[in-house]
Amino acid sequence: MNGTATRRSLAAQAPPWATPQDAFAAGAVYDAADFVVRERVHSLWAGRARQFSYALIDMLLACLSGVTVFWLRFGFQSSFVSEAVPLRHVLFRAYSHAYPGFLLLYCGLIVLACASLSLYRTHRELSAFAESLRVLRAVVLATAVLVLFIFTSGNKEISRLVIACVGAINVVTLSGWRLAKRRYVLRRADRGIGLSRVLIVGAGKMGHAFADWMESNRQLGYAVCGFLDPHPNGDARVLGSVADFRRVALAQFADEVFITPPADREMVKQIFLEARKLRLDLHVVPELYDGLGWHAPLHAIGGFPVLKLYGEPIPALGLAVKRVMDVCAAAAGLALSAPLLAVVA
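Here we summarise the structure given alongside this text. On a predicted model such as this, the values are computed, not experimentally measured, just so you know.

Another point: the packing of helix H5 (residues 99–116) against helix H6 (residues 128–153). The N-to-C vectors of H5 and H6 enclose an angle of 140 degrees; their axes lie 8 Å apart at closest approach. With respect to each other, H5 and H6 are oriented oblique. Both H5 and H6 take part in a crossing whose hand is right-handed. Each of Phe102, Leu105, Tyr106, Leu109, Ile110, Ala113 and Cys114 in H5 lies in contact with H6, whose residues at this interface are Ala138, Val139, Leu141, Ala142, Thr143, Val145, Leu146, Phe149, Ile150 and Ser153. When grouped by side-chain class, the residues that make up the contact of H5 with H6 number 15 nonpolar, two polar and no charged.

Here you go:
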């Protein structure tokens, strides 16, 4: 990105500044809503394409590991003899025991398991170790379901050794390419390539903490170019007041804007209108209430964003004990009523 969206806006100057009341009265609400919807649709399609490419890589690696292990297991006379078995014999064994079908099923199970663990979404805050653990869980789950399916199908010719080796290799390969992608992104970020230039509105305690966090986590892809504040305090990083938003955004080639609390309602609406004219992404950091909202999940209920400050944890042990008691009570009741049921029958 690096300011390309802002540079494109130089060719067509936006109309003069309009107050939020006048702009919204002229119907800008509907125009803004339509613009937001179009941007979200475009972002959704781009995200879908990226997720599809990730799933395709997983499927190709899973197929490659399956074919490689099968060839190493049945492509030679024995473990101690390097003489190769004729290709037609290997293919006959593979198709006669339905190996290709089970391999395709396994690839599909891996994709479903990875999707259920959100491995096809870009979680830049997730550590490499945590991501590898998710890959391990996905592969173990897919392998277990495959083994269960083979057992229920009655096919006893599938090699258990092949399944175990393919599962182990998949853990390494699927984690490996994700680690390589992560390192590639980090190297680009260290060189300043592909970073999104960020302009932060609000140079208070929250704004500086947010900027420091971005600078210390370059893998997220952000580079802070400065601050805007309604009341400039002489800080060298404060590039102007909110009234200078357009000038500063164009001069700094900003790509995204973050508004940090405390933020005035009218100020947010003004920045929204100007950011839309400049085609800049606009984000609002919610109030954290002295740390109560730190890491709090944000949900949407009927279009209303809701910040969940506290949730009562589910007593897992208590639920498990209750479940065991329910099962035991049901079994005892069934055993006691069995004679009566037999008489009635």
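After that view, the rundown keeps rolling.
Turning to its location among the elements, Glu256 is positioned in strand S3 (residues 256–259). Excluding its chain neighbours within four sequence positions, the residues that come into contact with Glu256 are Ser196, Arg197, Val198, Leu199, Tyr222, Asp281 and His283.

Within this structure, the stated rule accounts for five salt bridges. One salt bridge in this structure joins Asp244 and Arg247, with 3.7 Å as the shortest N-O distance. Residues Glu266 and Lys269 are paired through a salt bridge, measuring 3.4 Å at the closest nitrogen-oxygen approach. Pair noted here: Glu266 and Lys269 are both in helix H10 (residues 265–277), with a separation of three residues, about one helical turn.

Looking now at H5. Over its 18 residues, H5 runs 25 Å from end to end, which matches the ideal 26 Å to within 8%, given 1.5 Å per residue. Buried residues of H5: Tyr99, Phe102, Leu103, Tyr106, Cys107, Leu109, Ile110, Val111, Ala113 and Cys114, and no others. Directly after H5, the chain includes Ser118, whose backbone phi takes a positive value near 60 degrees.

Another point: the pairing of S3. Taking every second residue as pointing to the same face, both faces of S3 are buried, with Glu256 and Phe258 on one and Val257 and Ile259 on the other. Pairing geometry for S3 and strand S4 (residues 281–284), over four bridges, is parallel. Bridge assignment links Glu256 to a residue of S4, and that residue is Asp281. Handedness of the β-α-β unit built from S3, H10 and S4 comes out right-handed.

Next up on the list: the sheet that holds strand S2 (residues 222–228). Across the sheet, which stays open at both edges, the four strands sit in the order S2-S1-S3-S4 with parallel pairing between neighbours. The outermost strands of the open sheet, each flanked by one partner alone, are S2 and S4. Neighbour-to-neighbour, the strand axes of the sheet open up by a mean angle of 25 degrees, direction not taken into account. Examined bridge by bridge, strand S1 (residues 196–201) and S3 share four bridges and lie parallel to one another. Bridge assignment links Ile200 to a residue of S3, and that residue is Phe258. Relative to S2, helix H8 (residues 205–216) is tilted by about 160 degrees, and along the sheet it contacts S1, S2 and S3.

What counts and what doesn't
Residues numbered from 1 in each chain as written. Predicted model: local features only at pLDDT ≥ 70, side-chain atom pairs only at ≥ 80, totals over all residues. Heavy atoms only, no water. Axes fitted to C-alpha atoms, helices over the stretch in contact; angles between N-to-C directions. Helix = DSSP H or I, 4+ residues; strand = E, 2+ residues; numbered from the N terminus. Parallel < 35°, antiparallel > 145°, perpendicular 65-115°, else oblique. Left-handed = near helix turned anticlockwise from the far one by under 90°. Contact = heavy atoms within 4.5 Å. Nonpolar A, V, L, I, M, F, W, Y, C, P; charged D, E, K, R; others polar. Salt bridge = Lys/Arg side-chain N within 4 Å of Asp/Glu carboxyl O. Expected span 1.5 Å × (residues − 1). Buried < 20%, exposed > 50% of the residue type's maximum accessible area, 1.4 Å probe, protein only. Pairing = 2+ DSSP bridges. Right-handed = clockwise from strand over helix to strand, strands pointing away.

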